[in-house]
Amino acid sequence: MSQREYANELGWNLDRVKYYLRKMKTQELIKRVGNSHSGYWEVLAEVNQLQN
């Protein structure tokens, strides 16, 4: 999904989605695999880590 699609699905504005993606990247909870068009986000954290 694109950032815009995530924003629409969640009922958020695009800037909010970008903020949280950037925050998750800096906390090393996610990383980008591949390029911006054909790549995807890989989740690096376990579910119990996300809940804390």
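Structure: see above.
Residues numbered from 1 in each chain as written. Predicted model: local features only at pLDDT ≥ 70, side-chain atom pairs only at ≥ 80, totals over all residues. Heavy atoms only, no water.

Asks: So what's going on with unusual backbone geometry? Residues and values would help.
Replies: With a phi close to 55°, glutamate 28 is a non-glycine residue in the positive phi region. Here glutamate 28 is to be found in the loop between helix H2 (14-26) and strand E1 (30-33). Classification of glutamate 28 as exposed rests on a relative accessible area of 60%. (Helix = DSSP H or I, 4+ residues; strand = E, 2+ residues; numbered from the N terminus. Buried < 20%, exposed > 50% of the residue type's maximum accessible area, 1.4 Å probe, protein only.)

Asks: I'd like a rundown of the packing of aromatic side chains, residues and numbers included.
Replies: Within this structure, the stated rule accounts for 2 aromatic pairs. Ring geometry for tryptophan 12 and tyrosine 20: centres 5.6 Å apart, planes at 40°, overall tilted. Tryptophan 12 gets classed as partly exposed once you look at its relative accessible area, which sits at 29%. A ring pair is formed by tyrosine 19 and tyrosine 20, whose centres lie 4.9 Å apart and whose planes are at 80°; its orientation type is edge-to-face. Site record: aromatic cluster; members linked through ring pairs are Trp12, Tyr19 and Tyr20. For the cation-ring pair, arginine 32 lies above tryptophan 41, with the distance from its terminal atom to the ring centre recorded as 5.2 Å. (Phe/Tyr/Trp six-rings, centres within 6.5 Å; stacked < 30°, edge-to-face > 60°. Lys NZ or Arg CZ within 6 Å of the ring centre and 35° of its normal.)

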